[in-house]
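# Secondary and tertiary structure notes
Residues per chain, in single letters:
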Amino acid sequence: MDWAIAQEVRVLSLSLGFRGWWDDFLALTTLLRERNVLPVFAVGNEGPGTSRSPGNYAEALSVGAHDNQKHVAYFSSSQRFDRKADAIVPDLVAPGVSVTSAKPGGGYQSMDGSSMATPHVAGLAALLMEARPERTAAEIEAAIFASCRLADGMTEDRAHRGMPDGVRALAALG
């Protein structure tokens, strides 16, 4: 993350984490925000009532997974915290079931996980930053959140804001 800050990136996608709450990445995540970088982190794959750090920080844009039927994946972590800011993780959900990915040694494979969903949201953030380079990371995040909708059957405790929509997010930025 230090290297990324030195490269002046505007969005950072991380698919890693420690089960439960650990503050190991909190100082760096806070620094990312102070430097106008949007940290987009996977929330974890242990199911309801669980999450991983740093995806469970209020300072992160945390991402859970949904399938092609717009159902939150059974494995996608979600948790409520006793805090004012961002009490529910993940912040939103994105495609994370049967996602085509590169395969070690060559070729492709199908993979599941919030780690597969996170790059979708980081990519959306990067596109919005390209379209509106004058906007801050916080404004980009707010536009993404404003674009989200819960699909039929999705609940706030599992998907929080729901699924983002790129067209609506761009419109929200004006």
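So, here's what we can say about the structure. (Residues numbered from 1 in each chain as written. Predicted model: local features only at pLDDT ≥ 70, side-chain atom pairs only at ≥ 80, totals over all residues. Heavy atoms only, no water.)

## Description of the packing of helix H3 (residues 114-131) against helix H4 (residues 137-147)
Contact geometry of H3 with H4 gives a least axis separation of 10 Å together with a crossing angle of 120 degrees. The angle between the axes of H3 and H4 places the two elements in the oblique class. Relative to H4, H3 is oriented so that their crossing is right-handed. Within the contact between the two elements, H3 uses Leu124, Ala125, Leu128 and Met129 and H4 uses Ala137, Ile140 and Ile144. Residue composition of the contact of H3 with H4, by class: seven nonpolar, no polar and no charged. (Axes fitted to C-alpha atoms, helices over the stretch in contact; angles between N-to-C directions. Helix = DSSP H or I, 4+ residues; strand = E, 2+ residues; numbered from the N terminus. Parallel < 35°, antiparallel > 145°, perpendicular 65-115°, else oblique. Left-handed = near helix turned anticlockwise from the far one by under 90°. Contact = heavy atoms within 4.5 Å. Nonpolar A, V, L, I, M, F, W, Y, C, P; charged D, E, K, R; others polar.)

## Re unusual backbone geometry
Following Ser53, the chain continues into Pro54 via a peptide bond in cis, with omega recorded as 15 degrees. Following the sequence through the fold, Pro54 ends up in the loop between strand E4 (52-53) and strand E5 (61-66). The omega torsion across Val89 and Pro90 is 5 degrees, close enough to zero to call that bond cis. Structurally, Pro90 can be placed in the loop between strand E7 (88-89) and strand E8 (92-95). One non-glycine residue, Glu8, lies in positive phi territory at about 60 degrees. Within the secondary structure, Glu8 sits in the loop between helix H1 (2-6) and strand E1 (11-14).

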